[in-house]
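Listed below are the residues making up each chain.
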Amino acid sequence: SKPKILVARAVFPEIIARLEQHFDVEANPSDTVFTKAGLIERLQGKAGAFTTGSERIDAEVLEACPDLKICANMAVGYNNFDIDAMTAAGVLATNAPDVLTETTADFGFALLMATARRITESEHYLRAGLWTKWGVDMFTGAEIHGSTLGIIGMGRIGQGIAKRGAHGFGMKVIYHNRSRLDPALEAECKARYVGKEELLKTADHVVLVVPYSAASHHTIGAAELALMKPSATLVNIARGGIVDDAALAVALREKRIAAAGLDVFEGEPVVHAALLDVPNVVLTPHIASATVPTRMAMARLASDNLIGFFEENKPLTPINPAVLATK
Ligand code: GLV
Ligand code: GLV
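Residues numbered from 1 in each chain as written. Chains lettered and ligands numbered in written order. Predicted model: local features only at pLDDT ≥ 70, side-chain atom pairs only at ≥ 80, totals over all residues.

Note the threshold: UniProt positions are given in the numbering used here, feature names are shortened, and annotations may be inferred rather than shown by experiment.
Under the annotation held in an unreviewed UniProt entry, the protein carries the name D-glycerate dehydrogenase and is attributed to Rhodoferax koreensis. Here the protein is described in UniProt, under the heading Sequence similarities (unreviewed entry), as follows: "Belongs to the D-isomer specific 2-hydroxyacid dehydrogenase family."

**Observations regarding the overall build of the protein**
The condition is simple: Numbering of helices and strands starts at the N terminus; helices are DSSP runs of H or I of at least 4 residues and strands are runs of E of at least 2. Radius of gyration here uses only the C-alpha atoms, and the compact-globule reference equals 2.2 Å multiplied by the residue count raised to the power 0.38. C-beta atoms are placed from the backbone for every residue, and two residues are taken to be in contact when these atoms lie within 7 Å.
Per the secondary structure count, the protein includes 14 helices and twelve strands. Here the C-alpha atoms of the protein give a radius of gyration of 21 Å, agreeing with the 20 Å that 2.2 N^0.38 yields for 327 residues. Here the C-alpha coordinates of the protein stretch approximately 70 × 50 × 35 Å along the principal axes. Of all intrachain contacts in the protein linking residues separated by at least 6 positions in sequence, the fraction that spans at least 24 positions is 64%.

**Brief notes about the UniProt feature "domain: D-isomer specific 2-hydroxyacid dehydrogenase catalytic" (unreviewed entry) in the protein**
What UniProt calls "domain: D-isomer specific 2-hydroxyacid dehydrogenase catalytic" (unreviewed entry) maps, in this numbering, to residues 5-320. For residues 5-320, the end-to-end C-alpha separation is 20 Å, with 39% helix and 14% strand making up the annotated structure.

**Some points on the packing of helix α1 (residues 13-22) against helix α13 (residues 292-312)**
As a reminder of what qualifies: Lines are fitted to the C-alpha atoms to define the axes, a helix being fitted only along its stretch in contact, and any angle between axes, read from their N-to-C directions, falls within 0 to 180 degrees. Should an angle lie under 35 degrees it is considered roughly parallel, over 145 roughly antiparallel, and from 65 to 115 roughly perpendicular; all remaining angles are considered oblique. Ten residue types, Ala, Val, Leu, Ile, Met, Phe, Trp, Tyr, Cys and Pro, are classed as nonpolar, four, Asp, Glu, Lys and Arg, as charged, and the remainder, Gly among them, as polar.
Relative orientation of the contacting elements α1 and α13 amounts to 5°, with a least axis distance of 10 Å. The pairing of α1 with α13 is recorded here as roughly parallel in orientation. Of the residues in α13, those in contact with Ile15, Arg18, Leu19 and His22 of α1 are Ala299, Arg300, Ser303, Ile307 and Phe310. Looking at side-chain class alone, the contact of α1 with α13 contains five nonpolar, two polar and two charged residues.

**Describing the UniProt feature "domain: D-isomer specific 2-hydroxyacid dehydrogenase NAD-binding" (unreviewed entry) in the protein**
Here the UniProt-annotated "domain: D-isomer specific 2-hydroxyacid dehydrogenase NAD-binding" (unreviewed entry) positions come out as residues 109-288. Between the C-alpha atoms that bound residues 109-288 the distance is 10 Å, and the span itself is 36% helix and 16% strand.

**Focus: the domain arrangement of the protein**
Inclusion rule: Each domain span listed reflects an automatic or database assignment of domains.
The domain boundaries assigned to the protein delineate domain 1 (4-97 + 292-325) and domain 2 (101-283). Taking only C-alpha atoms into account, the centre of domain 1 sits 32 Å from that of domain 2.

**Remarks on helix α5 (residues 101-116)**
What counts is decided by this rule: By definition here, a helix of n residues has an expected span of 1.5 Å times n minus one. Buried, partly exposed and exposed are defined by the number of other C-beta atoms within 10 Å of a residue's own C-beta, namely 20 or more, between the two limits, and 12 or fewer respectively, with C-beta atoms placed from the backbone.
When the terminal C-alpha atoms of α5 are compared, their 22 Å separation across 16 residues agrees well with the 22 Å that a helix rising 1.5 Å per residue should span. Inspection of α5 places Thr103, Thr104, Ala105, Phe107, Gly108, Phe109, Leu111, Leu112, Ala114, Thr115 and Ala116 among the buried residues, and these make up the whole buried set. With its phi angle positive at about 55°, Arg118 sits one or two positions after the end of α5.

**A short note on the sheet that holds strand β7 (residues 172-176)**
Here is the rule we go by: Whether two strands pair comes down to DSSP finding at least two bridges between them.
The parallel open sheet is built from seven strands, whose spatial order is β8-β7-β6-β9-β10-β11-β12. With partners counted over all chains shown, the strands left at the sheet margins are β8 (191-193) and β12 (281-283), one partner each. Pairwise comparison of adjacent strand axes, ignoring direction, gives a mean angle of 20° for this sheet. Across five bridges, strand β6 (residues 148-152) lies against β7 in parallel orientation.

**As for unusual backbone geometry**
Look at the link from Glu268 to Pro269: it is a cis peptide, with omega at 10°. Looking at the element boundaries, Pro269 is found in the loop between β11 (259-262) and α12 (273-277). In the Ramachandran plot, Asp98 falls in the positive-phi region, its phi being about 70° despite a non-glycine side chain.

**Focus on the site of ligand 2**
Inclusion rule: Residue proximity rests on one test: whether the C-beta atom, placed from the backbone, lies within 6 Å of the molecule or strand.
The local shell around ligand 2 consists of Val76, Pro97, Thr101, Gly155, Arg156, Ile157, Gly158, Val209 and Pro211. Tallied by class, residues from the shell around ligand 2 come to five nonpolar, three polar and one charged.

**Things to note about the site of ligand 1**
Inspection of the region around ligand 1 gives Ala75, Val76, Gly77, Leu100 and Ser289 as its neighbouring residues. Residue classes in the shell around ligand 1 are distributed as three nonpolar, two polar and no charged.

**Some points on the environment of Val250**
Checked against the element boundaries, Val250 lands in helix α11 (residues 245-253). Considering only alpha carbons, one finds Val250 and Glu188, 62 residues apart in sequence, at a separation of 37 Å.

**Focus on the pairing of β6**
Going by this rule: Convention used here: a crossover is right-handed provided that the path from the first strand, over the helix, to the second strand proceeds clockwise when the strands point away from the viewer.
When you tally the buried positions in β6, you get four out of five residues, the bulk of the element. Regarding topology, helix α7 (residues 156-169) serves as the crossover connection from β6 to the parallel β7, and that connection is right-handed. With four bridges joining them, β6 and strand β9 (residues 205-208) adopt parallel strand pairing. Its bridge partner lying in β9, Ile152 is registered against Leu208.

**Examining the sheet that holds strand β1 (residues 4-7)**
Across the sheet, which stays open at both edges, the five strands sit in the order β2-β1-β3-β4-β5 with parallel pairing between neighbours. Only two strands of the sheet have a single neighbouring strand rather than two, namely β2 (24-26) and β5 (92-94). Taken pair by pair, the neighbouring strands of this sheet meet at an average axis angle of 15°, ignoring direction. The pairing of β1 with β2 spans three bridges and is classified as parallel. Each residue of the ladder has a partner; that of Leu6, found in β2, is Glu26.

And the structure:
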């Protein structure tokens, strides 16, 4: 008989149909976000899970779901997985890298531009009927072309944003990362490696694309915001928790930085109330990878990981491949 899997959130019908060719699928057409208890209940007897980032897979879940062998995340980030606990339990984790890189870099750049040029703030003004006359300094923003772009986290998405900035907008690109890129990649991105403090002090725009971990928690807090230029903008397309949202709301209200663009939030989908109260922030609901072709490619890759794992012990993008060797 076919292995039993749970598809934890509603995904495209084509994807469910494809999975049904290989698995006995429990889907979630009502798109309920499961509580931990609800998730554990639905994972009983399941050998695999198609997850999306809203399901936390930790030691408690693993212990309660002994049949589970693989969780395939439909996301490049996987901070919803306790990888050490999964490896200890012999459960494979996979993510969905690469297929979303350019789409997510596009969005990072869109959010940067919307933030620097005050696009949503001025639209709210117009919609509110407040536009009665043209004004010489109405909604003046920050330059994008020719300015200094600072990227924290120079993975594939960070590199995509660097290329857009350097090649498309003549920006000077500086970056900070755990490790330096090799010189050929640095040249391709026209990006110069700097320390975090230098980046924060000199960038006109700071974009965060670093994976979330205990080590990257609050990469940007009050101290880092204080280093930034008062004219600077900050963009977070990485994960909630990379920025201290409460400290950011204070910095925005006091104009210690000019503006921020945020696609991800601490505790999302709840957004810190103080951020909803300041005008100089662009807020989007975690949509950086949201185009139909890219979301479809992410879902297909998660499915291919499940199929590859069960049929050939060959998932495409394993995070903890050591688990495979012990099979
Ligand atoms: C989305 O946030 C992802 O990690 O793919
Ligand atoms: C994320 O890990 C990336 O691809 O930048």
